[in-house]
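Residues per chain are reported as follows:
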Amino acid sequence: MNLLAYAKRVLIGRPMRSDAMGHQLLPKRIALPIFASDALSSVAYAPDEVLLTLALAGSMAALQSVWVGVAVAIVLAVVVASYRQTVHAYPSGGGDYEVVTTNLGRSWGLVVASALLVDYILTVAVSISSGANYITTAVPALLGYEVPIAVALVVILATLNLRGTREAGGAFAVPTYLYMGAIGLMVVVGFAKMATGHLGESPTAAYDLVAAPGHADGLAGLAGAFLLMRAFSSGCAALTGVEAISNGVPMFRRPKSRNAATTLAMLGLIAASMMISILVLARATGVKIVDDAATQLTYQGVPVPENTPIEPAISQIASAVFGQGSILFILITVVTGFILVLAGNTAFNGFPTLASVLSRDSFLPHQMVRRGDRLSYSNGIVVLTVAAIALIVGFEAQTTRLIQLYVVGVFISFTLSQLGMIKHWNRQLRSRQSGQERMAVLRSRAVNIVGFMMTGLVLIIVLATKFTHGAWITLLMIAIVFGIQISIHHHYETVRSQLRVDDWNARRALPTRVRALVLVSSLSRPAMRAIAAARASSPTSIELVSVVEDDEEENKILRQWKASGVPVPLTLLSAPYRDIASVILQYVRGRRRAMPTEMLVVYMPQFLVTHWWENIVHNQSALRLRAALLGVPGVVITVVPWQLGEDDVVEGRQRVNDPFSRVAAPASGDSKSRTEQPGTTRSESPTEENA
């Protein structure tokens with residue numbers, strides 16, 4: 001084992017069999033910290049954003065923060081009630097994407113998918129950046145190192161998720177429950193002291209807020225109403241993460257839908273209670289949250305120094321309740337920072353799962369649907385990690401700047417999902433139903449109608465209040481992701497149409513006399529080209545070899561083999577750990593040991609694309625397999641290339657040597673393997689291409 005493979009085993013763990021997937025399913029006690037950590041962690045920064053926004057209109061405006069929190073809690077309750085119906089109606093794991101695609105069409109489904117993918121990336125960036133800020137608050141010596149701390153935390157989180165969903169959930173359960181317990185203790189003690197008149201003041205209670213220019217009249221007038229709506233839209237960050245449960249239903253233990261719905265209800269109740277309680281205590285202790293202390297705060301009429309520390313709301317409340325520097329104060333500050341880091345775990349479960357669904361539908365690279373050694377969607381985890389780190393570095397881990405990009409995507413998906421569910425219930429009403437069933441459908445539709453109206457209104461408010469503050473960047477990112485998905489799907493459709501074998505008799509290979517192994521994953525055109533090349537070389541024996549991971553793949557290749565009528569025996573190799581290269585290497589070595597006096601020729605179909613950038617959406621694993629086979633003595637490797645569109649040239653449907661043609665014309669009658677030319681563009685897999 002080389003050093004890289006050894007390091008991978010230490011960090012990720014030993015590979016797991018495909019049939020061990022059932023052991024990775026989550027009970028509710030583990031699912032809650034995995035899926036709810038995002039919404040629960042928003043209690044740590046959503047109140048700060050509400051107070052920060054209202055502070056622009058002065059002290060009297062900041063007192064309205066509790067009512068803003070109540071409005072957010074009402075929206076949260078409606079959204080939770082709506083998604084409880086979604087997990088029952090669509091338990092396959094497609095979530096909002098499946099609901100919208102099924103009921104509103106593919107294009108709207110891709111809009112939702114793009115919005116969710118962007119929102120998951122922002123979830124990691126915002127939560128990790130906020131966690132890094134809490135860490136530097138608890139350890140002042142780390143001030144100025146927020147970016148490297150945040151990047152390191154993202155890498156650690158990704159590594160834990162690469163080890164497997166259940167293992168990551170077990171690691172995150174204890175700190176999440178510890179966070180809920182610590183905040184719960186602070187709220188109970190705080191309310192008790194408030195009732196008895198013994199509640200202390202926050203470190204910023206003695207300061208006075210100075211209204212910003214344009215807000216001297218507080219919340220009166222159009223400017224005040226706009227500011228109030230902006231505070232509400234910032235507080236709606238508390239709703240992010242709710243949709244992740246609808247995407248993760250397949251990860252729950254049976255009964256999956258009921259367990260997911262129960263977890264949703266628990267999430268909504270806990271998050272709403274915590275947020276309102278913190279805003280009440282913030283008002284009672286006189287918490288002030290500002291962006292620029294020197295211009296927004298005064299002490300006895302004198303502006304405060306520019307470097308006056310402004311701690312997060314939870315830290316200030318903990319100081320008022322338990323005392324600055326006390327053990328409980330430190331505990332609350334530390335676990336809050338920790339839960340903000342773990343909040344990104346919701347995205348690390350939602351993003352790869354959604355990406356796998358989109359990959360299955362050919363809107364993202366097919367590599368995204370493959371599970372890694374630990375049965376997690378490792379490619380999706382890696383993509384999410386890289387994208388989140390790019391945002392963190394680009395925005396210097398500043399939560400206030402990043403959160404302006406937040407919420408837009410999730411409320412686009414909320415609104416379209418509610419509309420899709422309304423259409424779903426309308427279709428149900430057109431079918432024959434009993435009176436009781438019809439009443440149940442009418443109630444469900446009423447919930448989704450209320451949800452659609454409320455989330456649509458919030459989306460309008462968010463776009464109106466945050467567009468110039470950074471929401472336009474989110475919309476641009478959504479548009480880019482949407483365009484990428486359309487391009488990938490178009491490419492796969494082109495590939496699929498050209499790989500399809502339309503006439504089995506016309507594609508049969510001619511008799512040959514060469515001993516050979518032909519590696520195939522399906523009997524597509526590249527595979528038939530490789531079979532023809534092998535038989536034309538006159539082998540003494542010939543054998544088709546295919547590696548299958550499960551019964552579905554085995555049945556598929558058997559059906560194709562029987563339908564093709566190719567007079568070549570087929571050998572199927574099992575890969576329970578999905579390590580195709582190792583299985584093929586072991587089989588080839590076994591054949592060499594069995595017949596050491598004969599030369600073994602391995603034919604490998606090679607799939608060539610037209611443009612270099614198209615390689616990104618195809619596997620390149622054949623390069624590793626070919627390198628491994630080169631190390632086996634006595635084995636000759638023959639690469640049989642097949643390029644998109646070349647059959648049109650060969651069969652006369654496209655002019656040969658046309659300089660404006662998208663596909664270069666091969667030599668006439670060339671059906672054998674060709675010498676690779678410099679600059680040839682290719683995309684490979686262990687056989688030809690799993691397109």
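Everything numeric in this text was worked out from a predicted model, so none of it was measured.

A. Looking closely at the overall build of the protein. If you tally the helices and strands in the protein, you get 24 helices and eight strands. For the protein, the residues scored as buried account for 55% of the 691 residues in total. Relative to all contacts within the protein whose residues are 6 or more apart in sequence, the contacts with residues 24 or more apart total 80%. Summing over all exposed atoms, the protein offers an accessible surface of approximately 29100 Å²; the carbon and sulfur share of this is 62%.

B. Local environment of the packing of helix 22 (residues 580-594) against helix 23 (residues 621-629). Put simply, helix 22 and helix 23 touch, their axes get as near as 10 Å, and they point 25 degrees apart. By the angle class used here, helix 22 and helix 23 are roughly parallel. Seen along the crossing, helix 22 lies across helix 23 with a hand that is right-handed. Judged by residue contacts, A581, I584, L585 and V588 of helix 22 engage L625, A628 and L629 from helix 23. Residue composition of the contact of helix 22 with helix 23, grouped by class: seven nonpolar, no polar and no charged.

C. Summary view of the sheet that holds strand 1 (residues 208-209). Ordered by their spatial adjacency, three strands build an open sheet running 1-2-3, and the pairing between neighbours is antiparallel. Edge positions in the sheet fall to strand 1 and strand 3 (302-303), since each has one partner strand and no second.

D. Structural context of the sheet that holds strand 5 (residues 542-548). One open sheet holds the five strands; their spatial order is 6-5-4-7-8, and the pairing between them is parallel. Two strands lie at the open edges of the sheet, namely strand 6 (570-574) and strand 8 (635-643), each paired on one side alone. Between one strand and the next, the sheet's axes are offset by a mean angle of 25 degrees, whatever the strand orientation. Pairing between strand 4 (residues 516-519) and strand 7 (residues 600-608): three bridges, direction parallel. Along strand 7, the bridge assignment pairs A516 with V601.

E. Unusual backbone geometry, seen in detail. Positive phi, normally seen in glycine, also occurs at Q300, with a value near 55 degrees. Within the secondary structure, Q300 sits in the loop between strand 2 (297-299) and strand 3. Phi is positive for E396, which is not a glycine, with a value near 55 degrees. Among the structural elements, E396 can be located in the loop between helix 15 (378-394) and helix 16 (399-402).

F. Layout of the packing of aromatic side chains. Scanning all chains against the criterion turns up three aromatic pairs. Taking 5.5 Å as the distance between ring centres and 65 degrees as the angle between the ring planes, the aromatic pair formed by Y83 and F414 counts as edge-to-face. Taken together, the residues span a long stretch of sequence, with Y83 in helix 4 (residues 65-89) and F414 in helix 17 (residues 408-429) at a distance of 331 residues. Accessibility classification places Y83 together with F414 in one group, the buried group. Centroid distance F411 to F414: 5.1 Å. Interplanar angle 80 degrees. Geometry classified as edge-to-face. Separated by three residues within a single helix, F411 and F414 lie in helix 17, roughly one turn from each other. Accessibility expressed as a relative area gives 0% for F411, which makes it buried.

Rules used throughout
Each chain carries its own residue numbering, running from 1 in the direction its sequence is written. Where local features are concerned, this predicted model is filtered to residues with pLDDT of at least 70; where side-chain atom pairs are given and counted, the filter is 80 or more; whole-chain, interface and lining totals use all residues. Excluded from the side-chain calculations are hydrogens and water; all other atoms, namely the structure's heavy atoms, are used. Counting from the N terminus, the helices are DSSP H or I runs at least four residues long and the strands are E runs at least two residues long. The classification of residues rests on relative accessible area computed with a 1.4 Å probe and restricted to protein chains. Under 20% of the type maximum is buried, over 50% is exposed, and intermediate values are partly exposed. The criterion used for residue contact is that any of the two residues' heavy atoms lie within 4.5 Å. With residues, only the protein chains shown are counted as cover, and all accessible areas are computed by Shrake-Rupley using a 1.4 Å probe. Convention adopted: a line fitted to C-alpha atoms gives each axis, helices being fitted over their contacting stretch, and angles between N-to-C directions are expressed from 0 to 180 degrees. With respect to orientation, any angle under 35 degrees is reported as roughly parallel, any angle over 145 as roughly antiparallel, any angle of 65 to 115 as roughly perpendicular, and every other angle as oblique. Definitions for this section: a left-handed crossing has its near helix turned counterclockwise from the far helix by less than a right angle. A right-handed crossing has that turn clockwise. Amino acids outside the nonpolar list (Ala, Val, Leu, Ile, Met, Phe, Trp, Tyr, Cys, Pro) and the charged list (Asp, Glu, Lys, Arg) are all regarded as polar, and Gly is one of them. A strand pair is defined by DSSP finding two or more bridges across the two strands. Each Phe, Tyr or Trp ring, with Trp reduced to its six-membered ring, pairs with another whose centre is within 6.5 Å; inter-plane angles below 30 degrees give stacked pairs, above 60 give edge-to-face pairs, and intermediate values give tilted ones.

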